Amino acid sequence: MEKIRPAVKSFFIFLAILSFIILTGRAQERRLSYEIKVELFPETAMLHGQETIVWTNTTGDYIPDIHFHLYWNAFKNELSTLAREARREKMFSRYRAGKDGRGWIKINSLTTATGKDLLPAASFISPDEPHNPHDQTVLRVALPEPLAPGETIALNIDFQAKVPRNGLRTGYFKDGFFIAQWFPKPGVYEEGRGWNCHEYHLNSEFFADFADFRVEITVPSRMVAGACGQEIEKKEDTASGKTTYTYVGKNIHDFAWTASPRFIKVERWFRAAEEVTPEEYQKMAEILGLTPEEIKLPDVLMILLIEKQHEKQIERHFKALRAAIKYYGLWYGPYPYPTVTMVDPPFRTGSGGMEYPTLFTAGTSVILEKDVLSPEQVIVHEFGHGYWYGMVANNEFEEAWLDEGINTYSTGKVTDLAYGPGRLPVRFKGIPLNWLIKTPAVYDWQLGRIVSSPVAALDPIVTESWKFYNSMSYSANVYYRASTALHTLERLLGEKTWSRIMRTYHMRYRFRHPKTEDFIRVVNEISGRDMRWFFEEFFFSAKDFDCGLASVETRLKPERYNGIFDDLPTKNPGQVKQLQKKNSSRKEKIYETAITLRRYGQAKPSPEFPLKLKVEFEDGSVEWREWDAQTRWVRFEFEKPARVKTACLDPEAVWLVDTNLANNSYSSAGPGVRLAAATSRILQLAQNILLTISGLL
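Residues numbered from 1 in each chain as written. Predicted model: local features only at pLDDT ≥ 70, side-chain atom pairs only at ≥ 80, totals over all residues. Heavy atoms only, no water.

**Description of helix 7 (residues 401–418)**
- With 18 residues, helix 7 should reach 26 Å at 1.5 Å per residue; the first-to-last C-alpha distance of 24 Å fits that figure.
- Counting buried positions over the 18 residues of helix 7 gives 14, a clear majority of the element.
- Immediately downstream of helix 7, the backbone of G420 shows phi near 85°, a positive value. (Helix = DSSP H or I, 4+ residues; strand = E, 2+ residues; numbered from the N terminus. Expected span 1.5 Å × (residues − 1). Buried < 20%, exposed > 50% of the residue type's maximum accessible area, 1.4 Å probe, protein only.)

**Re the sheet that holds strand 3 (residues 63–69)**
- Reading across from one edge, 5-6-3-11 is the order of the four strands in this open sheet, with antiparallel pairing throughout. Both edges of this open sheet fall to strand 5 (122–124) and strand 11 (185–186), since each of them pairs with a single strand only.
- Across two bridges, strand 3 lies against strand 11 in antiparallel orientation. For F68, the partnering residue across the bridge sits in strand 11 and is P186. (Pairing = 2+ DSSP bridges.)

**Let's talk about the confidence of the model for the protein**
- Looking at the protein, pLDDT values average 90 and 87% of them are 70 or higher.
- Confidence drops under a pLDDT of 50 for residues 1–28, and excluding neighbours within four residues, the segment shows 28 contacts in the predicted structure.
- For the stretch residues 671–697, pLDDT sits under 50, and the model shows 30 contacts to residues farther than four places along the chain or on other chains. (pLDDT = per-residue confidence, 0-100. Contact = heavy atoms within 4.5 Å.)

**Concerning empty space enclosed by the protein**
- A full pass over the atoms with the stated rule returns six cavities of 30 Å³ or more.
- Volume-wise, the largest cavity comes out at about 110 Å³.
- Among the elements that make up the lining of the largest cavity, the one with the highest residue count is helix 9 (residues 471–493) (three residues). (1 Å grid on protein atoms, 1.4 Å probe; cavity = no way out; pocket = protein on both sides within 12 Å on 5 of 7 lines; lining within 4 Å. Points joined across faces, edges and corners; volume = space filled by probe spheres on them.)

**Side note on the pattern of salt bridges**
- Applying the stated criterion across every chain, the model contains 32 salt bridges.
- Residue E490 pairs with K413 through a salt bridge whose shortest N-O separation is 2.9 Å. Note that E490 is positioned in helix 9 and K413 in helix 7, a separation of 77 residues in sequence.
- On the basis of relative accessible area, E490 is assigned to the buried category, the value being 11%.
- Classification of K413 by relative accessible area gives partly exposed; the value is 26%.
- Salt bridges sharing common partners tie together E190, R193 and K515. (Salt bridge = Lys/Arg side-chain N within 4 Å of Asp/Glu carboxyl O.)

**Concerning the packing of aromatic side chains**
- Per the counting criterion, the structure on display carries 48 aromatic pairs.
- Ring centres 5.9 Å apart and planes at 80° place the aromatic pair Y328 and F383 in the edge-to-face group. Within this pair, whereas Y328 is found in helix 5 (residues 314–332), its partner F383 is found in helix 6 (residues 376–391), the two being separated by 55 residues in sequence. Side by side, Y328 and F383 carry an identical accessibility label, which is buried.
- The residue whose ring lies beneath K296 is Y281, and the NZ or CZ to ring-centre distance is 5.3 Å. (Phe/Tyr/Trp six-rings, centres within 6.5 Å; stacked < 30°, edge-to-face > 60°. Lys NZ or Arg CZ within 6 Å of the ring centre and 35° of its normal.)

**Focus on the packing of helix 10 (residues 495–508) against helix 11 (residues 516–527)**
- Relative to each other, helix 10 and helix 11 sit at 135°, their axes nearing to 9 Å. Considering the angle they form, helix 10 stands oblique to helix 11. In this structure, helix 10 meets helix 11 at a crossing whose hand is right-handed. Contacts between helix 10 and helix 11 pair T497, W498, R500, I501, M502, T504, Y505 and R508 from the former with F519, V522, V523, E525, I526 and S527 from the latter.
- Its residues placed into classes, the contact of helix 10 with helix 11 shows eight nonpolar, three polar and three charged. (Axes fitted to C-alpha atoms, helices over the stretch in contact; angles between N-to-C directions. Parallel < 35°, antiparallel > 145°, perpendicular 65-115°, else oblique. Left-handed = near helix turned anticlockwise from the far one by under 90°. Nonpolar A, V, L, I, M, F, W, Y, C, P; charged D, E, K, R; others polar.)

**Concerning the nonpolar core**
- Counting residues in each nonpolar core, the largest one holds 171 residues, and the members touching the most others are W182, F255, W257, W401, F519, F539 and W655.
- Among the elements that make up this core, the one with the highest residue count is helix 5 (12 residues).
- Counting only domains with at least three residues in this core, you end up with domain 1 (31–261) and domain 2 (547–674).
- Excluding residues within four positions of it along the chain, W655 makes contact with T488, L492, W533, F534, F538, F545, P605, F609, P610, L611 and D650.
- Grouped together as the second largest cluster of nonpolar side chains are six residues, L424, V442, L447 and A476 included. (Core = buried A, V, L, I, M, F, W, Y, C linked by side-chain atoms within 4.5 Å. Domains from an automatic or database assignment.)

**Quick notes on the sheet that holds strand 14 (residues 211–220)**
- With mixed pairing, the seven strands of this open sheet are ordered in space as 4-7-2-1-14-17-16. Looking along the sheet, the strands with just one partner apiece sit at the ends: strand 4 (104–112) and strand 16 (230–237). Within the sheet, the average angular offset between the axes of one strand and its neighbour, ignoring direction, is 15°.
- The pairing of strand 1 (residues 32–41) with strand 2 (residues 46–56) spans 10 bridges and is classified as antiparallel. Note on strand 2: the bridge partner recorded for L32 is W55.

**Thoughts on unusual backbone geometry**
- Residue P130 follows E129 across a cis peptide bond; omega there is 0°.
- In this structure, the amide linkage connecting S374 to the following residue, P375, adopts the cis form with an omega of 20°.
- Position of P375 among the secondary structure elements: in the loop between strand 23 (359–361) and helix 6.
- The backbone of N251 shows a phi angle near 55°, a positive value even though the residue is not glycine.

**Points about helix 10**
- Taking 1.5 Å per residue, 14 residues should reach 20 Å; helix 10 reaches 20 Å between its end C-alpha atoms and fits that length.
- Every buried residue of helix 10 is listed here: W498, S499, I501, M502, R503, Y505 and H506.
- Where helix 10 is buried, its residues meet helix 4 (278–288), helix 5, helix 6, helix 7, helix 9 and helix 11.

**Some remarks on the side chain of S483**
- Tracing the chain through its elements places S483 in helix 9.
- Taking the relative accessible area as the measure of exposure, S483 reaches 6% and is therefore buried.
- If sequence neighbours within four positions are ignored, S483 has contacts with G405, T408 and Y409.

Here is the structure:
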């Protein structure tokens, strides 16, 4: 473990203050702040907290109430919305409610700054459909009088909470704790629409306002703690055997923390001057149309909390985090916070692979498979959420793809560049089986295309999270199908244009709550094209895109054609002029080839972006054709002195959203090649099953 020298610590404090000034440059628009004191009682897995919330009405509405998330009540009983949804999922559920692992949150008192008791005016509501009167994850608190535009209210809350044993993204095992979604948290008030405050659903993550946090966390001194934001104070009470950590987080919209006696705390610096060369700055600046100075990256303090049994993986964790900070920063914008905390989550807490502002959980094993990018891929992915969930904070209940899909796309770009292809993991009960089953090494975009194919016609990507057919459809759509669609857009519009689109979108909507329409607006603005058709076909609709070769027919052109070939009108209508028509004299053989293309799926491209057909003949010549796929089929005919050797629709692999690549190519090499093409979908299905099972075990 590295210790920070006093001079370095002073610099760090200065950097934190400077970041606060920068991040609060739009303070007049921020309407929320929290001051929380919480103590963990590990013997009973209980929290006791006091919370002061200051909320300002920045809208033009008169607001009669405040809606609060009480997420842990989802683990309270078997009638909560989450528990009901989990029962329907069967093998795909990530959560199993158990009577020994119940969790809940209870507000003991709720008063205004003047002492007005608001608890009698509080009631649980069920804002989502289907209505569930038993769910207690949303609390409506009526105000004594409507909050006028520009008016501020301060609320004091005393609460206690039981940590669920293994809830979604939070939990404990023995004396290891990961605490998330643990405090009463207001929803997001939307002008003219009211409170956006959804129930806790199985397939949804979260949505909250940006705020300033000051949180004091008291735990037994034997525990090592970590949290969102920056640690500014640590006080140890030797008499009680307890330690209080104080954290400050500025311009973040959530707060999570962790504590375990088995953590090793390690700190390293991301030094931009050591990680990024002048040539890399120059190359990226040219792509983005900026100067190297405009894309310079800051230094960042990286904090790792890792379980002792994984100590040998420390450098492996930091290497992946450095790559993520570097490429997300170069591509989308510099990381704006002074620290990032990476947590190897406590064993069996159900909290791995999750993101929170300035903090994320990874997840690893004592035994790692060779050539499998684990924990690297999880580290890159969860850090990346700090960009797409943390800073560009879309509503994950309603449009999850704006975080999950964009970040899955971004993760693949980073890992492909930093590591190359990785082998697919195969595990049983946590034990790697790669020594027995040799899986292929694939790039992330290849895997994403395969995984998303089976659900293309099941649900639109833009669907409210709890309304997907099941968890598999949710995951495959908002992660992989959305990512595949973005890769397709990149190939349609070109690397330079797409890079500028992504950076513009990120920087424009930092510390805001964008929607899908905002993303489309940026795509159209930067590309100079109207790409709405693409989103209508692939994001707002559940349409299968499948264009392929229906047939390739070749025959030798005959020397003579039999039949009657008289020229009309004729002087003697009853007289046959010719019984045979001879082809023009030639020494070489001529082959007639007809290639029929079909659009098997419902989705179709814009005529502005036709599909390309490449036909290679045995004499080495190549013919190209284009098809806009507006009709259900088209036929191209060729006369060449050679047979067709290969034919390929979309040979440059632009249309990754094509769900069946097996029908995109033809080869005259023989039945073996055609058999391989015909069985490729079976192999894809087998891969899907393996991936699903390995993720559940």
